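# A look at the structure
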Amino acid sequence: MTGAGFAGRAMASDFDGTLFFGIGGRAHPLHRFLPRDIEAIRTFRAGGGLFGVCTGRPLGAVLADAGRDLSFDFAITSSGACVSDGAGNTLFSREIPDDDVRALLDATRGQTARPPFIALESGYLVLGGASIPGLPKGFLKRLRVVSSVDEALSMGHGGDGVQVISLGFGTQECAARFVAGVGELLGGRVSAFQNLDSVDVVPTGCSKGAGLAVARQQLGLGLVGGIGDSFNDLPLLDEADVAYTFNRAPEAVREGADVLVDDVAGALADLEQR
């Protein structure tokens with residue numbers, strides 16, 4: 001399809017649970033990506049629209065699962081701690097200082113329900129072991145297991161430092177309590193975003209919304225839509241010109257959206273008409 005019908009428009013999409021269903025895919029267990037979403041993205045881009053991802057994952061982990069199915073015109077990764085263009089060039093990057101990584105992991109030892117994920121731009125490290133119930137074997141095989149915090153930090157030196165620490169809690173209530181207290185824990189030097197029973201910790205000032213603002217400025221994005229399915233997507237929805245979420249999303253997320261849809265294809269169809 002050709003034409004300029006969608007020129008000047010951009011869509012920033014959350015990845016897991018919104019676009020990709022290969023991990024914990026309860027909503028669409030038969031598909032990694034929905035075929036109608038893939039077709040809608042291709043049509044949108046062919047008409048001049050830009051499509052990007054906005055996720056808590058580091059860039060390497062997104063590209064590994066996107067594979068040949070998808071490419072992106074921009075990528076806001078590590079919950080806004082990294083922004084890249086379509087060629088993979090880094091436009092913005094922030095890291096958590098080594099001492100704060102140590103302090104955070106020391107303070108949460110014994111409180112979490114799974115080993116911590118330590119996200120470098122290149123991908124995930126997992127601290128302590130990769131036997132994690134509920135995660136597909138294909139995903140686990142890509143995790144680099146480290147035995148100590150110092151080993152993780154040594155792998156992050158050379159320009160690929162820690163951007164996100166992902167912590168898994170047993171319940172949404174435990175995750176919410178941690179988010180409420182994380183500012184005091186490290187003197188306001190980090191921020192935390194809840195995704196159901198897990199939490200992504202990033203440098204202060206980083207969020208999916210802040211990352212979208214960087215992408216908007218650096219890439220000259222026009223009318224921007226944003227779509228996500230969980231609490232950590234609220235900054236993305238707030239920054240977008242048109243905010244989308246699913247009819248199945250939690251109530252607080254639905255309240256933060258302008259339009260409710262069933263899938264990414266539905267959001268793109270609405271944005272194309274604006």
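Procedures and definitions
- Each chain has its residues counted from 1, following the order in which its sequence is written.
- Local features in this predicted model are restricted to residues of pLDDT 70 or higher, and side-chain atom pairs are both shown and tallied only at a pLDDT of 80 or more, whereas totals for entire chains, interfaces and linings draw on every residue.
- Excluded from the side-chain calculations are hydrogens and water; all other atoms, namely the structure's heavy atoms, are used.
- Helix and strand assignments follow DSSP, with helices taken as H or I runs no shorter than four residues and strands as E runs no shorter than two, numbered in order from the N terminus.
- Using a 1.4 Å probe on the protein chains alone, a residue whose accessible area is under 20% of its type maximum counts as buried, one over 50% counts as exposed, and one in between counts as partly exposed.
- For this analysis, residues touch if any pair of their heavy atoms sits within 4.5 Å.
- Values of accessible area rely on a 1.4 Å probe in the Shrake-Rupley scheme; residue burial ignores everything except the protein chains shown.
- We call two strands paired when DSSP finds no fewer than two bridges between them.
- Here the aromatic set is Phe, Tyr and Trp, taking the six-membered ring for Trp, and pairing holds for ring centres within 6.5 Å; pairs whose planes are under 30 degrees apart are stacked, those over 60 apart are edge-to-face, and all others are tilted.
- Remark: a charge is flagged as sitting over a ring if the NZ atom of Lys or the CZ atom of Arg is within 6 Å of the ring centre and within 35 degrees of the ring normal.
- In this description, a nonpolar core means a group of buried Ala, Val, Leu, Ile, Met, Phe, Trp, Tyr and Cys residues linked to one another through side-chain atoms lying within 4.5 Å.
- All axes here are fitted lines through C-alpha atoms, helices being fitted over the stretch that makes contact, and every angle between N-to-C directions spans 0 to 180 degrees.

Next up on the list: the overall build of the chain. Assigned secondary structure in the chain consists of ten helices and 14 strands. Buried residues in the chain amount to 52% of all 274 residues. Within the chain, counting contacts between residues at least 6 apart in sequence, those at least 24 apart form 58% of the total. Within the structure as shown, the chain displays about 11500 Å² of accessible surface, and the carbon and sulfur contribution to it stands at 49%.

A word on the pairing of strand β12 (residues 223–227). For a regular strand, side chains alternate in direction, first toward one face of the sheet and then toward the other. A large share of β12 lies buried, amounting to four of its five residues. Here strand β1 (residues 9–13) pairs with β12 via five bridges, running parallel. Bridged to A10 within β12 is V224. Alignment of β12 against strand β13 (residues 242–246), held across three bridges, turns out to be parallel. By the bridge assignment for β13, I227 is matched with Y244.

Quick look at the packing of aromatic side chains now. Counted by the stated rule, this structure contains six aromatic pairs. Centre to centre, the rings of F15 and F20 are 5.0 Å apart; their planes meet at 10°, and the pair counts as stacked. Both residues of the pair, F15 and F20, belong to the buried class. In this structure an aromatic cluster arises from ring pairing among F15, F20 and F33. For the cation-ring pair, R114 lies above F117, with the distance from its terminal atom to the ring centre recorded as 4.3 Å.

For the rest of this paragraph, the subject is the nonpolar core. Among the nonpolar cores identified, the biggest contains 28 residues, and M11, L19, F72 and Y244 are the most heavily contacted of them. Those elements that provide at least two residues to this core are α1 (35–46), β2 (50–54), α2 (59–66), β13, β14 (259–261) and α10 (264–272). The element that contributes the greatest number of residues to this core is α10, accounting for five residues. Here M11 is in contact with F44, L50, F51, G52, F74, G225, G226, I227, Y244, A267, L268 and L271, once residues within four sequence places are set aside. Core analysis: the next-biggest nonpolar cluster, separate from the first, contains 24 residues, L120, V162, A192 and V199 among them.

Bringing the sheet that holds strand β11 (residues 198–203) into the picture now. Sheet strands pair via backbone hydrogen bonds, and the direction of the pair is either parallel or antiparallel. The mixed open sheet is built from six strands, whose spatial order is β8-β7-β6-β9-β11-β10. Every interior strand has two partners, whereas the edge strands, β8 (144–146) and β10 (190–195), have only one. On average, adjacent strands in this sheet sit at an angle of 25° to one another, irrespective of strand direction. Of the strand pairs in this sheet, strand β7 (residues 123–127) and β8 are connected by three bridges, and their pairing is parallel. Across the sheet, the residue bridging to L127 is V146, located in β8. The strands touched by helix α6 (residues 172–185) are β9 (162–168), β10 and β11; relative to β10, the strand with the most contacts, the crossing angle is about 165°.

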